[in-house]
Amino acid sequence: MAAKGSEEKTQFQEMEEETTAGLEREMESDQEEGMGVEDSSEDEDGSSEDEKENEAEIQRLEEQLSINVFDYNCHVDLIKLLRQEGELLRLRRARQKMSELFPLTEEIWLDWLKDEIRMTEGEPNRESVYDLFERAVKDYICPEIWLEYAQYSIGGMGSSGGIDQVRSIFERALTSVGLHMTKGVALWEAYREFENAILATVQPPPGSVPTREQQELLNVQLERIHTLFRRQLAIPLMDMEATYAEYEDWSDRGVSEEVTRQYKKAVQQMEKNRSFEEALLVAETPKLAEYQAYIDFELKEGDPARIQAVFERALAENCLVPDMWAKYTRYLDRQLKIRCMVLSCHERAVRNCPWTMSLWKNYLLALERHGAEHQTVAEVFEKALNAGFIQATDYVDIWQAYLDYLRRRVDFTKESSKELEELRAAFTRALDYMKQDVEERFSESGDPSCTIMQIWARIEALHCRNMQKARELWDTIMTKGNAKYANMWLEYFNLERSYGDVVHCRKALHRAVQCTADYPEHVCEVLLTFERVEGTLEDWDVAVQKTETRLARLQEQRNKAAEKEALLAHQEVGRVEQRKKAKAEKKAHKKAQRAGRAGEKRKATEQEEEEGEDWGEQSEHPVKKHRGEGAPGVSEAEEFMETEAGLPGLTAKKLTAPSGNKKEAREVAEAARRVQNATQEQRDDQTSVFVSNLAFTLEEPETKLRELFQSCGSIQQVRAIYSNKGTFRGYCYVQFEDQASVSLALKLDRQDVEGRPMFVSPCVDKNKNPNFKVFKYSTALEKHKIFVSGLPFGCTKEQLEEVCKEHGTVKDVRLVTNRSGKPKGLAYVEFEDEAQASTAVVKMDGIDFQGHTLTVAISNPPRRNVAEKSDLSKGLGSMMPRQVYGSRGKGRTQLSMLPRALNRQAVPELKVENGTVQNAEAAGESGLETQGKPLSNADFARLLLKK
C-alpha cells in the first residue's frame, strides 16, 4: 500500500510539473520585466540615483494618500513604482489598502496574484493565496482570473482532497464564466486537460490487464470526460466545430444522437448571437451601446444564465456606469431573487459607483428584503452617508429610505419598544445631519418642504397617537418658511382633521387665512366649508369677518400691482412711440438728402444743355433717346440698370425688398424668449453638455439627440436652439439628471450624425469663465498625420482607410466637410507613428484613386492670422479708389463699360475732393479746366473726343 501511494504521488507530481510549467515560465518573464531587473551595463552611481528618485516619489505618493485616501490614480502610481522597485512587502500593503476602498481591475489583480504566488512558492500553506483568489473573483467576473485560479489549484492537488478542490474550482469557474462565448472555451479545455491528465494516471500500463478496481476508476474517469464534452457542446461558444470534431476523434463509442441534437441547437443559438459578438469585437472601448443592444436581446430570449453572463461582461468594461448596475440589480431583484447573488451584485455596484444614491437605496431595500441583520443594514447606511453624494437632495432620499426601514421594524402595538426609540433617535439625527452637514456643504438644506419632519409627524399621529409631538413638529415646519404655502397648511389641517380635534383644526385654518400668500381664496373657502359643517353661528361670523378682511386686503394689493403694471406698460408704449417717431424723422431726413442729390444731378444736366457742347445725337440720355422722353422722367429702376451697365454720372441706389410683417416677427421673437426663459430656470450647466456642428436641416433634433445620448444616462431635457423664423441653428444643450452622465456624453464627441461630426463639449458660461478653451483642430506640424487632397466627393472613411492601412496602422480618418456637411475632397489620416506616415506620403502621393489623382503630404495646416489680414485689408482699402458696382458686384457679363480713355493709368492721379480738381497742373495736361466746380458730362465728353 505504501508503494502504491508513493507511485500515485509521483504521478501527481509529474502531472503537476507539466500543467504548471507554462505558468512558471510566465512568472519568470514577469519578474524580469515587471520587477525592474537592472541592466548590467548600468554603473552603480546611475542605479543608485534612479533608486533615490523612485524612493522620493514613493514617499510623496504615500504622503498624498495620507491626505486623501480616495485618490484612485495615486494608488495606481504607488503600486506601479513599488512593483518596479521589487518592494513586495510594501507592495502588498499598498494593494491591500486600495482593495479595501476600490474594486481592483483585472490587470491589478493578476499582477498581485502572480507576485503572491512567487512570495509563497515552496511554502506548505497555500490558504493565503486561495483567500486572495476568492477576493479577486468577487470584484469582477473575469475568465482570466478564474483560469489562473484553477491552474494554481492544480499545483496543490497532491495534498489531501486536492483533486476535489481543483474540480470544485473548475465547476465554480464554469458556472461564473463558462457561458462567455469568446473566452469561456479556454476554461472548458483546461478542465478537460486536467481530467485527461488524471485519466493517464489511472490507465494500466500497455499490455497489462486492469484489475476490477482499476477498471471502475477508468470508467468513472472516462465518463467524466464524456460529460464535459456533452456539457460544452450544449452551450453556444465560439469555435464549436473544432470541439465537436475533437470529441468525435476522442470518443471510441461515437457521438450520440442526443449530443448531436444539443450541439445543433447550440449552433443555432450561436448564429443568433454572432452579430452581437462581432459587433463587440470591432467596437472600441467601452462598447456601451453594443452591450446595451446585447443585453436587450438576451432579456427577450429569457435565459437567466446567459443574461447574467452578458451583464457581467458589460460591467467588466463599464464598471463606472451607474445605469448599467441599476439595470442588472433590478433584474436580479425582480427575476432571480437569489439572496447571495443579489446582495453580492448590490455590494459590487456601490463599490464601483459610490456617488450614486439610488444604488445605495436599492442596496438597503435588498438587504431588508432578504432578511439581513439590523447591524449589517446600519453599517451599509453609514457607508452610504460617507460616500459623498453630489446633490443635497440625495441625502434626503437616503435618509428617507433608512427611516422607512426603521419604521417597518417597529411594533406599534406596544406603547414603548427599543425599535420605536431607535426610530425617534434616527429622526432626530436626520434633522441634525441635514442642518449641520448638508447645509454647510451645499449651502442649501435639500429638504425645503421639510419632508422628513412631515413623515415623523404622521407617524407620531397615526401610529403613536401623540398629537402633541406632531403639532410641535408642524410648528417647526411652518417656521422654516413654509407658512406662506396653502398646501402646507392644508396638509396640517388634514392631519388634525384625521387624528386631532376641532379646536386645533379651526386654529390651523385661521392661521392659514392670515399667512397664505399663493392661494388665499382656496384657504378661505376651506375655512368657510369647515364652519358650515362643524361651527356655530359665532364661529361662522368670525370666519366670514376674517375671510372678508383678508380678501379685501388682497384685492387692494392686487389693484396697486395692476396700476403699477399699467403705468409701466404705458411708459413702454410711450418709449416705443418715441422710437418710431425718431425713426420716421431719420428716414425723412435721409429721403430729403437723396432728393437734394437728385436735384444737383438735374441741375448739372440742364447746365450741360445750355452750354451747347457738340454732342450731336450722342448727347441724349440713352434711356431718354429710346423712350423719346426727357431725362428727368427716368425711373429709379432704369437709373439703377444704367449704373449697373457702367454709365457715368448716375448715383447707384440700393433697392430694398419690402419688409415682412413686423408684428408677426415680434410675436415670434417674444414667444422664443418666453420659451427660453422657461427653460433657463431649469438649466444646470454642471449636468449639461453643449452639442454643436449639427446640420441645419436636422429633423426633430430633440428626438434625435435623445436617441444618441440615452446610453449615457437619464436625460432631463434637450434644449435645441432655433432662430426667430423657427429654423434650427445647428446646436443645442443636453441636460442629464446625473452629473456622472456628462463624462460619458463627452466620449461621443466627433460621432457622425447624418454625415457631419457632432461636437460635444462641456457646458460652460463663457461670461463667468472667459479663459475656457473649446476644442480646435491642431494647426501645427503633425508628423504622424498626412493630408490628402484630390479625393472624389463620394469617398468614404472606410474606402480611404482601406488604402492607407497598407502602409501602416491607421488610428483615425477625418474627412473635411463644409458647414453643410458636404465633402471638400480633403482628408487627414492619423498613423501610429511618424515612420508610417512618411511611408504613406512616399507611396500614396500621385496615385490614382477612383479616377482621381491624390496629393499627399505631412499634415502642416497654414496658420490664419485674422487680425493681420483684417488690418491689411483695411489699409489697402483706404489706399485704393472706391469702385462702383451693381447689386451683384460687377455687371452680369463681368465687363467694365467704362471707356478705355478714362481707364488709362498714364495720366497722373488727380486729387479730387467732392468733384473739384485740386492739382491744376495735372488738370491742364488732361484737358480739364481748373475752375472750382463739379465735373459734368461735358467734361468727360471732351476727354473722349481728345483721345
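One can find the structure itself at the top, above this paragraph.
Below or above, wherever it landed, is the structure these notes cover. (Residues numbered from 1 in each chain as written. Predicted model: local features only at pLDDT ≥ 70, side-chain atom pairs only at ≥ 80, totals over all residues. Heavy atoms only, no water.)

Moving on, we come to the pattern of salt bridges. Applying the stated criterion across every chain, the model contains 45 salt bridges. Residue arginine 92 pairs with glutamate 116 through a salt bridge whose shortest N-O separation is 2.9 Å. Linking arginine 92 in helix α4 (residues 88–101) with glutamate 116 in helix α5 (residues 106–119), this pair joins segments that are 24 residues apart in sequence. Here arginine 92 falls in the partly exposed class, since its relative accessible area comes to 31%. We classify glutamate 116 as buried; its relative accessible area is 8%. Residues lysine 327 and aspartate 296 are paired through a salt bridge, measuring 2.9 Å at the closest nitrogen-oxygen approach. Here lysine 327, found in helix α15 (residues 322–336), pairs with aspartate 296, found in helix α13 (residues 288–301); they are 31 residues apart in sequence, far enough to count as distant. One salt-bridge network, in which partners are shared between bridges, spans Arg83, Arg95, Asp111, Asp115 and Arg118. (Salt bridge = Lys/Arg side-chain N within 4 Å of Asp/Glu carboxyl O. Helix = DSSP H or I, 4+ residues; strand = E, 2+ residues; numbered from the N terminus. Buried < 20%, exposed > 50% of the residue type's maximum accessible area, 1.4 Å probe, protein only.)

With that settled, consider the state of the cysteines. Applying the stated criterion to the full structure yields 0 disulfides. Free of any disulfide, cysteine 804 has its nearest neighbouring cysteine sulfur in cysteine 795, separated by 8.8 Å. Using a relative accessible area of 0% as the deciding quantity, one classes cysteine 804 as buried. (Disulfide = S-S within 2.5 Å.)

Quick look at the sheet that holds strand β2 (residues 715–722) now. In space, the 5 strands of this open sheet follow the order β2-β3-β1-β5-β4, with antiparallel pairing throughout. In this open sheet, the two strands that pair with only one neighbour each are β2 and β4 (751–753). Adjacent strand axes in the sheet meet at a mean angle of 30°, parallel and antiparallel pairs treated alike. With 6 bridges joining them, β2 and strand β3 (residues 728–736) adopt antiparallel strand pairing. Looking at the pairing, isoleucine 715 lines up with phenylalanine 736 of β3. Across the face of the sheet, helix α30 (residues 701–709) comes into contact with β1 (688–692), β2, β3, β4 and β5 (756–762) while running at roughly 140° to β2. (Pairing = 2+ DSSP bridges. Axes fitted to C-alpha atoms, helices over the stretch in contact; angles between N-to-C directions. Contact = heavy atoms within 4.5 Å.)

For β1, a buried count of 4 out of 5 residues is recorded, marking the element as mostly surrounded by other parts of the structure. Sheet topology places β1 next to β5; 4 bridges connect them, and they run antiparallel. Looking at β5, one finds that valine 689 is bridged to proline 762.

The grouping of Glu49, Asp50, Glu51 and Glu53 at the surface amounts to a negative patch. Within the fold, glutamate 53 resides in helix α2 (residues 44–67). (Patch = residues over 30% accessible without salt bridge, like charges linked within 9 Å, V, L, I, M, F, W, Y side chains within 5 Å. Areas by Shrake-Rupley, 256 points an atom, 1.4 Å probe, with all protein chains shown as cover. Lys, Arg positive; Asp, Glu negative; His and termini not counted. Charge placed at Lys NZ, Arg CZ, Asp CG, Glu CD.)

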